[in-house]
Amino acid sequence: MVMNDMIGNPVPDFDLTENMKMVRDVAKAFAEKEIKPVIMKYDESQEFPLDIVKNLGELGFMGVLVPADLGGSGFGYLEYVTIIEEISKIDPSVGLTIAAHNSLCTNHILLFGNDAQKKKYIPDLASGRKIGAWALTEPTSGSDAGGMLTTAVREGDYYVLNGNKNFITHGSVGQVTVVTALTDKSKGKKGISAFIVENNTPGFIVAKKENKMGMRSSDTTALAFDNCRVPKENLLGEEGNGFAQALAVLDGGRISISALALGIAQGALDASVKYAKERKQFGKPIGDFQAIQWKLADIATHIEAARLLTYRAAFVKNEGRHTTRESAMAKFYAAEVAVQATNEAVQIHGGYGFIKDFPVEKLYRDVKLVTIGEGTSEIQKLVIAREILEL
Ligand SMILES: Cc1cc2nc3c(=O)[nH]c(=O)nc-3n(C[C@H](O)[C@H](O)[C@H](O)COP(=O)(O)OP(=O)(O)OC[C@H]3O[C@@H](n4cnc5c(N)ncnc54)[C@H](O)[C@@H]3O)c2cc1C
(Lines give C-alpha, C1' and ligand atoms only; values in the text may rest on other atoms or scores of the structure.)
Protein backbone atom coordinates (compact mmCIF):
# COMPACT_ATOMS: atom_id res chain seq x y z
CA MET A 1 0.00 0.00 0.00
CA VAL A 2 2.93 2.38 0.59
CA MET A 3 5.85 3.07 -1.80
CA ASN A 4 8.71 5.53 -1.57
CA ASP A 5 9.03 8.69 -3.68
CA MET A 6 12.27 9.83 -5.34
CA ILE A 7 13.73 11.17 -2.11
CA GLY A 8 12.57 8.20 -0.05
CA ASN A 9 9.45 9.60 1.59
CA PRO A 10 6.58 7.14 1.83
CA VAL A 11 3.73 7.80 -0.60
CA PRO A 12 0.56 5.74 -0.92
CA ASP A 13 0.10 4.02 -4.28
CA PHE A 14 -3.70 3.72 -3.70
CA ASP A 15 -3.67 0.19 -5.12
CA LEU A 16 -5.18 -2.79 -3.34
CA THR A 17 -2.59 -5.05 -1.75
CA GLU A 18 -2.40 -8.70 -2.83
CA ASN A 19 -4.18 -9.73 0.38
CA MET A 20 -6.96 -7.21 -0.25
CA LYS A 21 -7.42 -8.51 -3.79
CA MET A 22 -7.51 -12.07 -2.50
CA VAL A 23 -10.15 -11.44 0.19
CA ARG A 24 -12.14 -9.25 -2.21
CA ASP A 25 -12.35 -12.08 -4.74
CA VAL A 26 -13.33 -14.64 -2.12
CA ALA A 27 -15.97 -12.32 -0.59
CA LYS A 28 -17.36 -11.39 -4.01
CA ALA A 29 -17.69 -15.00 -5.15
CA PHE A 30 -19.30 -16.03 -1.87
CA ALA A 31 -21.77 -13.12 -1.91
CA GLU A 32 -22.79 -13.78 -5.51
CA LYS A 33 -23.16 -17.55 -5.10
CA GLU A 34 -24.35 -18.07 -1.53
CA ILE A 35 -26.04 -14.84 -0.45
CA LYS A 36 -27.60 -13.25 -3.54
CA PRO A 37 -30.07 -16.08 -4.29
CA VAL A 38 -31.57 -16.03 -0.76
CA ILE A 39 -31.48 -12.33 0.12
CA MET A 40 -35.18 -11.61 -0.25
CA LYS A 41 -36.20 -14.81 1.52
CA TYR A 42 -34.33 -13.71 4.64
CA ASP A 43 -35.32 -10.06 4.23
CA GLU A 44 -39.00 -10.92 4.12
CA SER A 45 -38.97 -13.48 6.94
CA GLN A 46 -36.49 -11.49 9.12
CA GLU A 47 -34.86 -14.83 9.84
CA PHE A 48 -31.20 -14.77 10.82
CA PRO A 49 -29.19 -16.60 8.10
CA LEU A 50 -27.41 -19.15 10.30
CA ASP A 51 -26.30 -21.26 7.32
CA ILE A 52 -24.62 -18.23 5.73
CA VAL A 53 -22.92 -17.31 9.00
CA LYS A 54 -21.58 -20.85 9.36
CA ASN A 55 -19.99 -20.49 5.91
CA LEU A 56 -18.61 -17.06 6.81
CA GLY A 57 -16.88 -18.78 9.72
CA GLU A 58 -15.32 -21.33 7.40
CA LEU A 59 -14.01 -18.52 5.17
CA GLY A 60 -12.37 -16.87 8.18
CA PHE A 61 -14.68 -13.84 8.01
CA MET A 62 -15.89 -14.21 11.62
CA GLY A 63 -12.38 -13.73 12.99
CA VAL A 64 -10.83 -11.36 10.49
CA LEU A 65 -8.76 -9.32 12.97
CA VAL A 66 -8.00 -12.21 15.33
CA PRO A 67 -4.40 -13.53 15.30
CA ALA A 68 -3.91 -17.04 13.94
CA ASP A 69 -2.82 -18.42 17.34
CA LEU A 70 -6.32 -17.63 18.65
CA GLY A 71 -7.97 -19.24 15.65
CA GLY A 72 -8.49 -16.15 13.49
CA SER A 73 -7.46 -15.02 10.02
CA GLY A 74 -4.79 -12.64 11.32
CA PHE A 75 -5.64 -9.88 8.88
CA GLY A 76 -5.57 -6.12 9.46
CA TYR A 77 -8.17 -3.42 8.92
CA LEU A 78 -7.51 -3.04 5.17
CA GLU A 79 -8.55 -6.64 4.50
CA TYR A 80 -11.40 -6.24 6.98
CA VAL A 81 -12.94 -3.21 5.21
CA THR A 82 -12.49 -4.92 1.85
CA ILE A 83 -14.48 -7.97 3.02
CA ILE A 84 -17.28 -5.88 4.51
CA GLU A 85 -17.54 -3.64 1.45
CA GLU A 86 -17.70 -6.59 -0.91
CA ILE A 87 -20.35 -8.48 1.10
CA SER A 88 -22.41 -5.32 1.71
CA LYS A 89 -22.61 -4.54 -2.01
CA ILE A 90 -24.81 -7.62 -2.22
CA ASP A 91 -26.37 -7.81 1.27
CA PRO A 92 -25.77 -5.13 3.91
CA SER A 93 -27.54 -7.25 6.55
CA VAL A 94 -24.81 -9.87 6.30
CA GLY A 95 -22.23 -7.04 6.23
CA LEU A 96 -23.69 -5.80 9.52
CA THR A 97 -23.46 -9.30 11.01
CA ILE A 98 -19.75 -9.46 10.16
CA ALA A 99 -19.13 -5.92 11.45
CA ALA A 100 -20.95 -6.32 14.77
CA HIS A 101 -19.49 -9.75 15.52
CA ASN A 102 -15.88 -8.87 14.61
CA SER A 103 -15.57 -5.22 15.62
CA LEU A 104 -17.68 -5.10 18.72
CA CYS A 105 -17.87 -8.33 20.70
CA THR A 106 -14.76 -10.15 19.49
CA ASN A 107 -12.56 -7.09 19.28
CA HIS A 108 -13.59 -5.89 22.76
CA ILE A 109 -12.42 -9.19 24.25
CA LEU A 110 -9.32 -9.19 22.04
CA LEU A 111 -8.36 -5.65 23.07
CA PHE A 112 -9.18 -5.77 26.77
CA GLY A 113 -9.49 -9.42 27.78
CA ASN A 114 -6.78 -11.18 29.78
CA ASP A 115 -5.09 -14.32 28.45
CA ALA A 116 -7.57 -16.67 30.13
CA GLN A 117 -10.57 -14.76 28.77
CA LYS A 118 -9.12 -14.67 25.26
CA LYS A 119 -8.33 -18.39 25.31
CA LYS A 120 -11.78 -19.24 26.60
CA TYR A 121 -13.86 -17.08 24.24
CA ILE A 122 -11.96 -15.94 21.16
CA PRO A 123 -11.40 -19.22 19.27
CA ASP A 124 -15.13 -20.04 19.26
CA LEU A 125 -15.99 -16.49 18.17
CA ALA A 126 -13.26 -16.31 15.52
CA SER A 127 -14.42 -19.55 13.92
CA GLY A 128 -18.09 -18.54 13.98
CA ARG A 129 -18.95 -21.51 16.24
CA LYS A 130 -20.33 -18.86 18.58
CA ILE A 131 -21.88 -15.53 17.63
CA GLY A 132 -21.01 -12.41 19.60
CA ALA A 133 -23.09 -9.42 20.67
CA TRP A 134 -22.18 -6.13 22.32
CA ALA A 135 -24.64 -4.37 24.61
CA LEU A 136 -24.04 -0.70 25.30
CA THR A 137 -27.27 1.07 24.26
CA GLU A 138 -30.22 1.25 26.68
CA PRO A 139 -33.82 2.43 26.29
CA THR A 140 -32.97 5.80 27.87
CA SER A 141 -29.33 6.12 26.80
CA GLY A 142 -28.37 5.96 23.13
CA SER A 143 -26.13 8.81 21.96
CA ASP A 144 -25.52 9.58 25.63
CA ALA A 145 -24.28 6.03 26.20
CA GLY A 146 -22.53 7.03 29.42
CA GLY A 147 -25.94 7.73 30.97
CA MET A 148 -26.71 4.02 31.29
CA LEU A 149 -28.74 2.63 34.21
CA THR A 150 -27.83 -1.09 34.16
CA THR A 151 -25.99 -2.04 37.33
CA ALA A 152 -23.49 -4.74 38.27
CA VAL A 153 -23.20 -5.30 42.02
CA ARG A 154 -20.38 -7.45 43.39
CA GLU A 155 -21.60 -10.34 45.57
CA GLY A 156 -18.80 -12.71 46.55
CA ASP A 157 -17.37 -14.33 43.42
CA TYR A 158 -20.06 -12.86 41.15
CA TYR A 159 -21.32 -9.58 39.75
CA VAL A 160 -25.12 -9.41 39.73
CA LEU A 161 -26.44 -7.56 36.69
CA ASN A 162 -29.82 -5.80 36.56
CA GLY A 163 -31.16 -3.53 33.82
CA ASN A 164 -32.16 -3.28 30.18
CA LYS A 165 -30.32 -2.96 26.87
CA ASN A 166 -31.85 -1.90 23.57
CA PHE A 167 -31.27 -2.56 19.84
CA ILE A 168 -28.67 -5.26 20.42
CA THR A 169 -27.37 -6.90 17.26
CA HIS A 170 -27.32 -10.71 17.76
CA GLY A 171 -29.30 -10.31 20.99
CA SER A 172 -31.24 -13.52 20.37
CA VAL A 173 -28.83 -15.51 18.18
CA GLY A 174 -25.63 -14.77 20.12
CA GLN A 175 -23.97 -17.00 22.70
CA VAL A 176 -21.55 -14.42 24.12
CA THR A 177 -22.34 -10.79 24.87
CA VAL A 178 -20.07 -8.02 26.13
CA VAL A 179 -22.25 -5.97 28.47
CA THR A 180 -21.49 -2.60 30.06
CA ALA A 181 -22.95 -1.79 33.47
CA LEU A 182 -22.43 0.57 36.39
CA THR A 183 -20.29 -0.89 39.15
CA ASP A 184 -20.16 2.49 40.91
CA LYS A 185 -23.08 4.86 40.25
CA SER A 186 -21.38 7.72 42.08
CA LYS A 187 -18.58 7.89 39.50
CA GLY A 188 -20.75 8.33 36.38
CA LYS A 189 -18.92 7.19 33.21
CA LYS A 190 -15.89 6.27 35.31
CA GLY A 191 -18.08 3.85 37.25
CA ILE A 192 -18.94 1.79 34.15
CA SER A 193 -17.39 -1.68 33.72
CA ALA A 194 -17.55 -4.25 30.93
CA PHE A 195 -18.34 -7.95 31.36
CA ILE A 196 -18.36 -11.04 29.19
CA VAL A 197 -21.76 -12.62 29.68
CA GLU A 198 -22.73 -16.04 28.36
CA ASN A 199 -26.22 -15.77 26.96
CA ASN A 200 -27.41 -18.96 28.67
CA THR A 201 -26.72 -17.47 32.11
CA PRO A 202 -29.92 -17.46 34.23
CA GLY A 203 -31.33 -13.93 34.31
CA PHE A 204 -30.11 -13.10 30.76
CA ILE A 205 -33.42 -12.44 29.04
CA VAL A 206 -33.96 -11.90 25.33
CA ALA A 207 -36.79 -9.37 25.19
CA LYS A 208 -38.45 -7.73 22.16
CA LYS A 209 -37.19 -8.71 18.70
CA GLU A 210 -37.38 -5.57 16.56
CA ASN A 211 -39.39 -5.48 13.34
CA LYS A 212 -37.15 -3.28 11.19
CA MET A 213 -37.33 -1.10 8.09
CA GLY A 214 -34.02 -2.46 6.78
CA MET A 215 -31.19 -4.81 7.74
CA ARG A 216 -34.03 -7.20 8.36
CA SER A 217 -32.09 -10.45 8.47
CA SER A 218 -29.72 -8.98 11.04
CA ASP A 219 -30.96 -9.98 14.49
CA THR A 220 -31.84 -6.96 16.68
CA THR A 221 -33.41 -7.40 20.11
CA ALA A 222 -33.82 -5.78 23.47
CA LEU A 223 -32.17 -7.58 26.40
CA ALA A 224 -33.07 -7.62 30.07
CA PHE A 225 -30.86 -8.60 33.00
CA ASP A 226 -32.73 -9.90 36.02
CA ASN A 227 -30.30 -10.78 38.80
CA CYS A 228 -27.98 -12.21 36.15
CA ARG A 229 -24.97 -13.61 38.06
CA VAL A 230 -21.74 -13.25 36.12
CA PRO A 231 -18.50 -14.79 37.49
CA LYS A 232 -16.04 -12.12 38.66
CA GLU A 233 -13.46 -13.59 36.24
CA ASN A 234 -15.59 -12.21 33.40
CA LEU A 235 -14.86 -8.56 34.23
CA LEU A 236 -12.92 -7.09 31.27
CA GLY A 237 -9.91 -5.10 32.47
CA GLU A 238 -10.40 -3.06 35.62
CA GLU A 239 -13.62 -1.91 37.25
CA GLY A 240 -14.47 1.57 35.98
CA ASN A 241 -12.72 1.17 32.60
CA GLY A 242 -15.74 -0.07 30.68
CA PHE A 243 -16.77 3.22 29.09
CA ALA A 244 -13.26 4.07 27.91
CA GLN A 245 -13.00 0.54 26.52
CA ALA A 246 -16.30 0.99 24.66
CA LEU A 247 -15.09 4.22 23.05
CA ALA A 248 -11.89 2.51 21.91
CA VAL A 249 -13.91 -0.39 20.50
CA LEU A 250 -16.12 2.09 18.61
CA ASP A 251 -13.04 3.71 17.01
CA GLY A 252 -12.50 0.40 15.23
CA GLY A 253 -16.18 -0.38 14.78
CA ARG A 254 -16.87 2.87 12.98
CA ILE A 255 -14.34 1.92 10.30
CA SER A 256 -16.36 -1.23 9.64
CA ILE A 257 -19.58 0.80 9.39
CA SER A 258 -17.80 3.07 6.86
CA ALA A 259 -17.02 -0.04 4.84
CA LEU A 260 -20.62 -1.19 5.17
CA ALA A 261 -21.79 2.21 3.86
CA LEU A 262 -19.25 2.06 1.06
CA GLY A 263 -20.51 -1.35 -0.02
CA ILE A 264 -24.12 -0.17 -0.04
CA ALA A 265 -23.20 2.92 -2.09
CA GLN A 266 -21.13 0.90 -4.55
CA GLY A 267 -23.88 -1.71 -4.87
CA ALA A 268 -26.37 1.07 -5.65
CA LEU A 269 -24.02 2.59 -8.22
CA ASP A 270 -23.29 -0.75 -9.92
CA ALA A 271 -27.02 -1.49 -10.22
CA SER A 272 -27.68 2.03 -11.55
CA VAL A 273 -24.95 1.86 -14.20
CA LYS A 274 -26.33 -1.47 -15.42
CA TYR A 275 -29.87 -0.13 -15.48
CA ALA A 276 -28.88 3.13 -17.21
CA LYS A 277 -27.43 1.11 -20.08
CA GLU A 278 -30.42 -1.25 -20.38
CA ARG A 279 -33.46 0.95 -19.87
CA LYS A 280 -34.59 2.85 -22.95
CA GLN A 281 -36.86 5.88 -23.04
CA PHE A 282 -37.40 8.34 -25.89
CA GLY A 283 -35.65 5.82 -28.14
CA LYS A 284 -32.32 5.68 -26.28
CA PRO A 285 -30.75 4.30 -23.10
CA ILE A 286 -31.48 6.59 -20.16
CA GLY A 287 -27.68 6.66 -19.58
CA ASP A 288 -27.50 8.90 -22.68
CA PHE A 289 -29.37 11.64 -20.82
CA GLN A 290 -27.12 14.15 -19.13
CA ALA A 291 -29.41 14.27 -16.06
CA ILE A 292 -28.71 10.57 -15.43
CA GLN A 293 -25.00 10.92 -16.28
CA TRP A 294 -24.61 13.68 -13.70
CA LYS A 295 -26.26 11.58 -11.03
CA LEU A 296 -23.88 8.69 -11.79
CA ALA A 297 -20.86 11.01 -11.86
CA ASP A 298 -21.82 12.56 -8.51
CA ILE A 299 -22.34 9.18 -6.84
CA ALA A 300 -19.12 7.70 -8.26
CA THR A 301 -17.03 10.69 -7.12
CA HIS A 302 -18.50 10.74 -3.61
CA ILE A 303 -17.89 7.00 -3.30
CA GLU A 304 -14.22 7.40 -4.23
CA ALA A 305 -13.83 10.13 -1.59
CA ALA A 306 -15.57 7.94 1.02
CA ARG A 307 -13.33 5.02 0.06
CA LEU A 308 -10.19 7.12 0.56
CA LEU A 309 -11.37 8.21 4.02
CA THR A 310 -12.25 4.62 4.93
CA TYR A 311 -8.95 3.18 3.73
CA ARG A 312 -7.04 5.95 5.45
CA ALA A 313 -8.78 5.22 8.76
CA ALA A 314 -8.01 1.52 8.26
CA PHE A 315 -4.38 2.28 7.45
CA VAL A 316 -3.94 4.49 10.53
CA LYS A 317 -5.64 1.84 12.67
CA ASN A 318 -3.27 -0.84 11.37
CA GLU A 319 -0.36 1.34 12.46
CA GLY A 320 -1.75 1.31 16.00
CA ARG A 321 -2.29 5.06 15.98
CA HIS A 322 -5.20 6.96 17.55
CA THR A 323 -8.09 6.94 15.03
CA THR A 324 -10.96 8.68 16.80
CA ARG A 325 -10.98 11.52 14.27
CA GLU A 326 -10.28 9.38 11.18
CA SER A 327 -12.90 6.79 12.16
CA ALA A 328 -15.59 9.41 12.84
CA MET A 329 -14.85 11.28 9.58
CA ALA A 330 -14.94 8.11 7.51
CA LYS A 331 -18.13 6.87 9.16
CA PHE A 332 -19.90 10.22 8.93
CA TYR A 333 -18.97 10.86 5.30
CA ALA A 334 -19.43 7.35 3.95
CA ALA A 335 -22.82 7.01 5.67
CA GLU A 336 -24.17 10.27 4.25
CA VAL A 337 -22.80 9.42 0.79
CA ALA A 338 -24.45 6.01 0.93
CA VAL A 339 -27.84 7.52 1.80
CA GLN A 340 -27.57 9.94 -1.16
CA ALA A 341 -26.36 7.18 -3.46
CA THR A 342 -29.27 4.84 -2.73
CA ASN A 343 -31.75 7.71 -3.04
CA GLU A 344 -30.43 8.59 -6.51
CA ALA A 345 -30.22 4.91 -7.46
CA VAL A 346 -33.93 4.44 -6.79
CA GLN A 347 -34.61 7.61 -8.82
CA ILE A 348 -32.55 6.31 -11.75
CA HIS A 349 -34.60 3.10 -11.67
CA GLY A 350 -37.88 5.07 -11.75
CA GLY A 351 -40.88 2.93 -10.74
CA TYR A 352 -38.76 -0.22 -10.89
CA GLY A 353 -36.62 1.15 -8.05
CA PHE A 354 -39.71 1.07 -5.87
CA ILE A 355 -40.40 -2.63 -6.25
CA LYS A 356 -38.62 -5.57 -4.70
CA ASP A 357 -37.43 -7.17 -7.95
CA PHE A 358 -34.53 -4.71 -8.14
CA PRO A 359 -31.72 -4.60 -5.55
CA VAL A 360 -31.83 -0.84 -5.01
CA GLU A 361 -35.19 -1.13 -3.21
CA LYS A 362 -33.54 -3.11 -0.41
CA LEU A 363 -30.35 -1.02 -0.37
CA TYR A 364 -32.53 2.10 0.06
CA ARG A 365 -34.11 0.57 3.18
CA ASP A 366 -30.93 -0.97 4.59
CA VAL A 367 -28.81 2.14 4.21
CA LYS A 368 -30.47 4.28 6.88
CA LEU A 369 -28.90 2.23 9.65
CA VAL A 370 -25.42 3.48 8.73
CA THR A 371 -26.22 7.07 9.73
CA ILE A 372 -27.50 5.76 13.11
CA GLY A 373 -25.61 2.68 14.36
CA GLU A 374 -22.34 3.07 16.31
CA GLY A 375 -23.13 6.76 16.75
CA THR A 376 -25.41 8.91 14.61
CA SER A 377 -24.06 11.36 12.02
CA GLU A 378 -24.71 14.15 14.51
CA ILE A 379 -22.59 12.38 17.12
CA GLN A 380 -19.78 11.78 14.57
CA LYS A 381 -19.75 15.54 13.94
CA LEU A 382 -19.52 16.19 17.70
CA VAL A 383 -16.58 13.77 17.89
CA ILE A 384 -14.81 15.37 14.90
CA ALA A 385 -15.36 18.87 16.31
CA ARG A 386 -14.03 17.80 19.72
CA GLU A 387 -10.94 16.40 18.03
CA ILE A 388 -10.19 19.46 15.90
CA LEU A 389 -10.93 21.90 18.72
CA GLU A 390 -8.92 19.68 21.11
CA LEU A 391 -11.75 19.85 23.65
C1 LIG B 1 -30.35 -1.96 13.73
C2 LIG B 1 -29.62 -1.42 14.90
C3 LIG B 1 -28.58 -2.16 15.46
C4 LIG B 1 -27.91 -1.69 16.59
N5 LIG B 1 -26.96 -2.49 17.19
C6 LIG B 1 -26.46 -2.12 18.39
C7 LIG B 1 -25.62 -3.00 19.13
O8 LIG B 1 -25.28 -4.10 18.67
N9 LIG B 1 -25.18 -2.62 20.35
C10 LIG B 1 -25.53 -1.42 20.90
O11 LIG B 1 -25.09 -1.16 22.02
N12 LIG B 1 -26.31 -0.56 20.23
C13 LIG B 1 -26.80 -0.88 19.00
N14 LIG B 1 -27.64 -0.02 18.32
C15 LIG B 1 -27.99 1.25 18.93
C16 LIG B 1 -27.43 2.48 18.21
O17 LIG B 1 -26.04 2.57 18.43
C18 LIG B 1 -28.21 3.69 18.70
O19 LIG B 1 -29.51 3.58 18.11
C20 LIG B 1 -27.58 5.00 18.33
O21 LIG B 1 -26.38 5.19 19.03
C22 LIG B 1 -28.50 6.19 18.60
O23 LIG B 1 -29.09 6.12 19.87
P24 LIG B 1 -30.69 6.31 20.02
O25 LIG B 1 -31.31 5.41 19.03
O26 LIG B 1 -31.05 6.16 21.43
O27 LIG B 1 -30.96 7.79 19.53
P28 LIG B 1 -30.86 9.13 20.42
O29 LIG B 1 -29.56 9.18 21.11
O30 LIG B 1 -32.08 9.26 21.24
O31 LIG B 1 -30.86 10.25 19.29
C32 LIG B 1 -32.05 10.78 18.69
C33 LIG B 1 -31.62 11.93 17.77
O34 LIG B 1 -31.03 12.98 18.56
C35 LIG B 1 -29.74 13.29 18.05
N36 LIG B 1 -28.86 13.66 19.16
C37 LIG B 1 -28.69 13.02 20.35
N38 LIG B 1 -27.78 13.67 21.09
C39 LIG B 1 -27.35 14.72 20.36
C40 LIG B 1 -26.41 15.76 20.58
N41 LIG B 1 -25.69 15.86 21.71
N42 LIG B 1 -26.23 16.69 19.59
C43 LIG B 1 -26.92 16.60 18.42
N44 LIG B 1 -27.85 15.64 18.17
C45 LIG B 1 -28.04 14.71 19.12
C46 LIG B 1 -29.28 11.99 17.38
O47 LIG B 1 -28.25 12.25 16.44
C48 LIG B 1 -30.57 11.52 16.74
O49 LIG B 1 -30.78 12.22 15.54
C50 LIG B 1 -28.26 -0.44 17.14
C51 LIG B 1 -29.28 0.32 16.55
C52 LIG B 1 -29.96 -0.16 15.45
C53 LIG B 1 -31.07 0.66 14.87
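In what follows, the structure referred to is the one given above.
Note that the structure is predicted; figures quoted are calculated from it, not measured. (Residues numbered from 1 in each chain as written. Predicted model: local features only at pLDDT ≥ 70, side-chain atom pairs only at ≥ 80, totals over all residues. Heavy atoms only, no water.)

Participant: A description of the overall build of the protein chain should follow, citing residues and the corresponding values.
Facilitator: From N to C terminus, the protein chain includes eleven helices and twelve strands. Over its C-alpha trace the protein chain gives a radius of gyration of 21 Å, about what one expects of a compact globule, namely 21 Å for 391 residues. Overall, the protein chain is about 80 × 60 × 40 Å in size when its C-alpha atoms are taken along their principal axes. In the protein chain, buried positions account for 54% of the 391 residues. Summing over all exposed atoms, the protein chain offers an accessible surface of approximately 17,500 Å²; the carbon and sulfur share of this is 55%. Across the protein chain, the centroid of the 44 positively charged side chains sits 2 Å from that of the 48 negatively charged ones. (Helix = DSSP H or I, 4+ residues; strand = E, 2+ residues; numbered from the N terminus. Rg over C-alpha atoms; globule rule 2.2 N^0.38 Å. Buried < 20%, exposed > 50% of the residue type's maximum accessible area, 1.4 Å probe, protein only. Areas by Shrake-Rupley, 256 points an atom, 1.4 Å probe, with all protein chains shown as cover. Lys, Arg positive; Asp, Glu negative; His and termini not counted. Charge placed at Lys NZ, Arg CZ, Asp CG, Glu CD.)

Participant: Summarise the nonpolar core; cite the residues concerned and give the values.
Facilitator: A general feature of soluble globular proteins is that nonpolar side chains tend to end up buried together. The biggest cluster of nonpolar side chains holds 66 residues, and the ones touching the most others in it are Ile35, Leu56, Tyr80, Ile87, Ile98 and Val370. Ranked by residue count, the leading element in this core is helix H7 (residues 242-278), at 13 residues. If near-sequence neighbours (up to four positions away) are discounted, isoleucine 35 is found in contact with Phe30, Ile52, Ile87, Asp91 and Val94. Among the nonpolar cores identified, the runner-up in size contains 26 residues, and Ala100, Leu236, Phe243 and Ala246 belong to it. (Core = buried A, V, L, I, M, F, W, Y, C linked by side-chain atoms within 4.5 Å. Contact = heavy atoms within 4.5 Å.)

Participant: Any chance you could break down the pairing of strand E3 (residues 132-135) for me, citing the residues and the numbers?
Facilitator: Residue alternation in E3 divides its side chains into two sets, Gly132 and Trp134 and Ala133 and Ala135, and both sets are buried. Two elements, E3 and strand E6 (residues 176-182), share four bridges in a ladder whose sense is parallel. Its bridge partner being in E6, alanine 133 is matched across the sheet by threonine 177. (Pairing = 2+ DSSP bridges.)

Participant: Which residues make up the site of the ligand, and what values do they have?
Facilitator: Around the ligand lies a shell of 19 residues, among which Thr137, Ser143, Phe167, Thr376 and Glu378 are the nearest. The separation between an oxygen atom of the ligand and a polar main-chain atom of leucine 136 is 2.9 Å. When the ligand sits alone it has 970 Å² of accessible area, and the protein chains cover 64% of it. For the shell around the ligand, the secondary structure elements donating two or more residues are E3, strand E5 (158-169) and helix H11 (377-389). Classifying every residue of the shell around the ligand gives nine nonpolar, seven polar and three charged. (Near = heavy atom within 4 Å. Polar contact = N/O pair within 3.5 Å; in protein donor to acceptor, adjacent residues only side chain to side chain. Nonpolar A, V, L, I, M, F, W, Y, C, P; charged D, E, K, R; others polar.)

Participant: Summarise a nonpolar patch on the surface; cite the residues concerned and give the values.
Facilitator: A cluster of nonpolar residues, Met22, Val26 and Leu59, forms a patch on the protein surface that exposes about 220 Å² of accessible area. The residue leucine 59 is located in helix H3 (residues 50-59) in this model. (Patch = residues over 30% accessible without salt bridge, like charges linked within 9 Å, V, L, I, M, F, W, Y side chains within 5 Å. Salt bridge = Lys/Arg side-chain N within 4 Å of Asp/Glu carboxyl O.)

Participant: Explain unusual backbone geometry residue by residue, including any values.
Facilitator: A positive phi is found at glutamine 46, a non-glycine position, where the angle reads about 60 degrees. Along the chain, the position of glutamine 46 falls in the loop between helix H2 (39-45) and H3. Within the chain, phenylalanine 167 stands out as a residue other than glycine whose phi angle is a positive 60 degrees. As for its position among the elements, phenylalanine 167 is in strand E5.

Participant: Would you mind going over the packing of aromatic side chains in detail, with residue names and values included?
Facilitator: Ring pairs (aromatic) are described by centroid distance and by the angle formed between their planes. If you walk through the whole model with that rule in mind, you get seven aromatic pairs. Ring plane angle 55 degrees and centroid distance 4.8 Å describe the contact between tyrosine 159 and phenylalanine 195, whose orientation is recorded as tilted. Placement of the pair is tyrosine 159 in strand E5 and phenylalanine 195 in strand E7 (residues 192-198), with a sequence separation of 36 residues. Assigned by exposure class, tyrosine 159 and phenylalanine 195 land together as buried. Over the face of the ring belonging to tyrosine 159 we find arginine 154, whose NZ or CZ atom lies 5.5 Å from the ring centre. (Phe/Tyr/Trp six-rings, centres within 6.5 Å; stacked < 30°, edge-to-face > 60°. Lys NZ or Arg CZ within 6 Å of the ring centre and 35° of its normal.)

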